[in-house]
Amino acid sequence: MPEPAHNPAIELHDVSFLTQQGRLLLDRIRLAIAAGTTVAILGRSGSGKTTLLRTVNRMIEPTSGEVLVEGKPIGRGDPIALRRSIGYVVQETGLFPHFRIERNIGIVLELQNRPKDEIHARTRELMAMVGLDPKQFAGRYPHQLSGGQRQRVGLARALAADPPILLMDEPFGALDPLTRAEMQDVLRELLARLNKARLPKTVLLVTHDLDEAMYLASRIVLIEEGRVAADLPSANFLDSEIPSVRQYAKAVHRGLDAATTRQA
Amino acid sequence: MGSFLAAHAAEIGTLTLEHLWLTGSATLIAALIGIPTGILLTRHPGWAKPVLGVANVLQTIPSLALFGFLLPLPWLGESAARIAIIALTAYALLPIIRNTYAGIQGIDPAISDVAKAIGMSNMQRLVKVELPLSAAFILAGLRTATVICVGIATIAAAVGAGGLGELIFRGVASVDNQLVLAGALPAAGLALAADGLLGLLEKWLRVPSAGRA
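These remarks concern the structure in this document.

The rules behind the values
Residues numbered from 1 in each chain as written. Chains lettered and ligands numbered in written order. Predicted model: local features only at pLDDT ≥ 70, side-chain atom pairs only at ≥ 80, totals over all residues. Helix = DSSP H or I, 4+ residues; strand = E, 2+ residues; numbered from the N terminus. Rg over C-alpha atoms; globule rule 2.2 N^0.38 Å. Buried ≥ 20, exposed ≤ 12 C-beta atoms within 10 Å, placed from the backbone. Contact = placed C-beta atoms within 7 Å. Nonpolar A, V, L, I, M, F, W, Y, C, P; charged D, E, K, R; others polar. Pairing = 2+ DSSP bridges. Core = buried A, V, L, I, M, F, W, Y, C linked by C-beta atoms within 7 Å. Axes fitted to C-alpha atoms, helices over the stretch in contact; angles between N-to-C directions. Parallel < 35°, antiparallel > 145°, perpendicular 65-115°, else oblique. Left-handed = near helix turned anticlockwise from the far one by under 90°. Expected span 1.5 Å × (residues − 1).

## Some thoughts on the overall build of chain B
Stage number 1. Secondary structure assignment for chain B yields eight helices and zero strands.
Stage number 2. Secondary structure elements of chain B occur, N-terminal to C-terminal, as α-α-α-α-α-α-α-α.
Stage number 3. Each of the three principal axes of chain B carries a C-alpha extent, and together these read 70 × 40 × 20 Å.

In structure tokens, the structure reads:
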């Protein structure tokens, strides 16, 4: 994917976050995410990657530093308007259990008081986009769907208002490897299609899965104890000599290494 | 037995209606105070312990004593029905506040978090997510409160507030079991009917696979 020469869609200027208990979760993070690109935030549990993601839609207010979305500092605006302009995908728990699929997808439009027919038409369109037959699924409840289907609904909901930015927090974390791979394909194709339709999305993807990061993102930012330990194009990530990168890559591929050694 | 019923049917009817009025208005007032209080407690959890504590203490006061305490108060003391309704409200508060608070607190925090993250205001989160997901819980509190009120309302007759307790007190005083039953049976019937109806409503409100932590 060629990187467009736009202004960065998201910028973090020396963002730090200190919990009330005095733990430093983010330590002077400096990042710029180019518009229309997908960047993976990689790191182990507790490294601060989710905290980082949540500063972008003000679910967390940085203790110091500044976050800019499309060139504007977000700290002064209305957090609710900001959140409605950013798509948000989390693990499968994110759907509302008492809403039917149709309402789950259209909820962001409902919050904006869009007309009912428009919401109806848009939800059908989105369901088709993520590969769910509206006739079959629109009237169901989340618990009547499989994990992969629920994740498709989550993706459709995030895209409903056509936001330029998507924040994804371990979106496929709860899925089995096959469904996970299938969803990664769905997301990749969807982003490519939207890009072609001149509706490019800037995606910030939090994951602990190196493979997922390399498959979906053009750039990988490795976070370690609240700091940026590495910030590399995906293509160069495995060749890096940075110790924490080496360590991460080794931890992921040890199964293959062990099996080959055993065979030899 | 037949002649007894014939002689007292009209009175039993009037007293049952009185009983319903005392119980119904007390539960309604308690709901109007208790549900918002329970919601406020979820927003300021620090207050939960003291507020639930006070409601708990209210509940431990013997009902006859509470009716007695209220008797000499200005305005209130002028009407037995007022005393009865205020006292019954006090008893109904605890289950309503507690269930509203616990019902909302028990929602899977990930769901409330997502509601906020996709851009719901506080009010939208309450109305679209938190209240529907805890409705069955809140209703269960109302149900408990109603049954408690139906029972305690029989004692309100002691301060002259009327209701089915009047037949019971008169029966006890004149050692007339028929009269006691004429008050007790309809009271029990009211409690069972209220419990059953609210139970049905609760079932109907229960969310498909509610998102509870």
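## Topic: the overall build of chain A
Stage number 1. When you go through chain A residue by residue, the secondary structure sums to 10 helices and 10 strands.
Stage number 2. Computed over C-alpha atoms, the radius of gyration of chain A comes to 19 Å, within 12% of the 18 Å expected from 2.2 N^0.38 for 264 residues, which places it in the range of a compact globule.
Stage number 3. Counting only C-alpha atoms and orienting by the principal axes, one finds that chain A spans roughly 55 × 55 × 40 Å.
Stage number 4. Across the 264 residues of chain A, 41% fall into the buried class.
Stage number 5. Long-range pairs, those at least 24 residues apart, make up 69% of the contacts in chain A with a sequence separation of at least 6.

## Side note on the interface of chain B and chain A
Stage number 1. Contact with chain B, which involves 19 residues of that partner, is made by 17 residues of chain A.
Stage number 2. In terms of residues, the side of chain B that touches chain A owes the most to one element, helix 5 (residues 109-117) of chain B, which gives five residues.
Stage number 3. Across the side of chain B that touches chain A, the residue classes break down as 12 nonpolar, five polar and two charged.

## Observations regarding the pairing of strand 1 (residues 8-18) of chain A
Looking down a regular strand, the side chains alternate between one sheet face and the other.
Residues and elements named next belong to chain A.
Stage number 1. As defined by bridge partners, strand 1 adjoins strand 2 (residues 24-34) across seven bridges and the pair is classed as antiparallel. Each residue of the ladder has a partner; that of Val 15, found in strand 2, is Ile 29.
Stage number 2. As consecutive antiparallel partners, strand 1 and strand 2 are separated by five residues, and within that stretch Gly 22 has a phi angle of approximately 90°, a positive value.
Stage number 3. Summarising the sheet, strand 1 and strand 4 (residues 64-69) pair through five bridges and their orientation is antiparallel. Bridge pairing in strand 4 places His 13 opposite Glu 66.

## Brief notes about the nonpolar core
In a soluble, globular protein the nonpolar side chains are often hidden away together inside.
Stage number 1. Ranked by internal contacts, the top residues of the largest apolar core, which has 123 residues, are Ile 41 and Leu 204 of chain A together with Ala 84, Leu 88, Ala 92 and Cys 149 of chain B.
Stage number 2. When residues of this core are assigned to their parent elements, the largest contribution, 15 residues, is made by helix 4 (residues 80-105) of chain B.
Stage number 3. Every residue in contact with Ala 92 of chain B, bar those within four places of it in the chain, is listed here: Ala 26, Thr 27, Ala 30, Ala 145, Ile 148 and Cys 149 of chain B.

## Re the sheet that holds strand 1 of chain A
Stage number 1. With respect to topology, four strands assemble into an open sheet ordered 2-1-4-5 (chain A), the strand pairing being antiparallel. The outermost strands of the open sheet, each flanked by one partner alone, are strand 2 and strand 5 (72-73) of chain A.

## A short note on the packing of helix 2 (residues 48-60) of chain B against helix 4 of chain B
A pair of packed helices is characterised by two quantities: the angle between their axes and the separation of those axes.
Residue and element names in this part refer to chain B.
Stage number 1. With their axes 8 Å apart at the nearest point, helix 2 and helix 4 run at an angle of 150° to one another. Considered as vectors, helix 2 and helix 4 are oriented roughly antiparallel to each other. Note that helix 2 runs across helix 4; the crossing there is left-handed. Contacts between helix 2 and helix 4 pair Ala 48, Val 51, Leu 52, Ala 55, Asn 56, Leu 58 and Gln 59 from the former with Ala 90, Tyr 91, Leu 93, Leu 94, Ile 97, Arg 98 and Tyr 101 from the latter.
Stage number 2. Its residues assigned to classes, the contact of helix 2 with helix 4 shows 11 nonpolar, two polar and one charged.

## Overview of helix 8 (residues 177-205) of chain B
Stage number 1. In this model helix 8 of chain B runs 41 Å from its N-terminal to its C-terminal C-alpha over 29 residues, within 8% of the 42 Å that 1.5 Å per residue would give.
Stage number 2. Looking at the buried positions of helix 8 of chain B, the neighbouring elements they touch are helix 1 (2-43), helix 6 (122-153) and helix 7 (165-173) of chain B.

## What to know about the pairing of strand 3 (residues 38-42) of chain A
Residues and elements named next belong to chain A.
Stage number 1. Buried residues dominate strand 3, accounting for five of its five residues.
Stage number 2. Neither face of strand 3 is exposed, since Thr 38, Ala 40 and Leu 42 on one face and Val 39 and Ile 41 on the opposite face are all buried.
Stage number 3. By the bridge criterion, five bridges tie strand 3 to strand 8 (residues 202-207) in an arrangement that is parallel. Residue pairing for strand 8: Val 39 is matched across the bridge by Leu 204.
Stage number 4. Bridge count for strand 3 against strand 9 (residues 219-224) is four bridges, and the pairing is parallel. Bridged to Leu 42 within strand 9 is Leu 222.

## Digging into the packing of helix 6 (residues 147-159) of chain A against helix 7 (residues 177-196) of chain A
Residues and elements named next belong to chain A.
Stage number 1. Here helix 6 crosses helix 7 at 25°, and the two axes come no closer than 10 Å. By the angle between their axes, helix 6 is roughly parallel relative to helix 7. The handedness of the crossing between helix 6 and helix 7 is right-handed. Facing Gly 147, Gly 148, Gln 151, Arg 152 and Leu 155 of helix 6, the residues of helix 7 in contact are Thr 179, Glu 182, Met 183, Val 186 and Leu 187.

## Considering the environment of Arg 98 of chain B
All names here are of chain B.
Stage number 1. Mapped onto the elements of the fold, Arg 98 is located in helix 4.
Stage number 2. Measuring from C-alpha to C-alpha, the distance between Arg 98 and Ala 55 comes to 9.0 Å, with 43 residues separating the pair along the chain.
Stage number 3. In this structure Arg 98 touches Leu 52 and Gly 141, once residues within four positions along its chain are discounted.

## Quick notes on the environment of Glu 224 of chain A
Residues and elements named next belong to chain A.
Stage number 1. Inspection of the secondary structure assignment puts Glu 224 in strand 9.
Stage number 2. A residue is classified by how many C-beta atoms lie within 10 Å of it, and Glu 224, with 19 of them, is partly exposed.
Stage number 3. The spacing of Glu 224 and Gly 48 is 176 residues in sequence and 7.5 Å in space, taken between C-alpha atoms.
Stage number 4. When near neighbours in sequence (up to four residues on either side) are disregarded, Glu 224 contacts Gly 43, Ser 47, Ala 229 and Ser 244.

## Some thoughts on the sheet that holds strand 3 of chain A
Hydrogen bonds along the backbone pair up the strands of a sheet, which may run parallel or antiparallel.
Residue and element names in this part refer to chain A.
Stage number 1. Ordered by their spatial adjacency, six strands build an open sheet running 6-7-8-3-9-10, and the pairing between neighbours is mixed. Strands with a single pairing partner mark the edges of an open sheet, and in this sheet they are strand 6 (86-89) and strand 10 (227-233). The average undirected angle you get between the axes of adjacent strands in this sheet is 15°.
Stage number 2. As paired strands, strand 9 and strand 10 are joined by six bridges and run antiparallel to one another. Paired with Ile 220 across the strands is Leu 232, a residue of strand 10.

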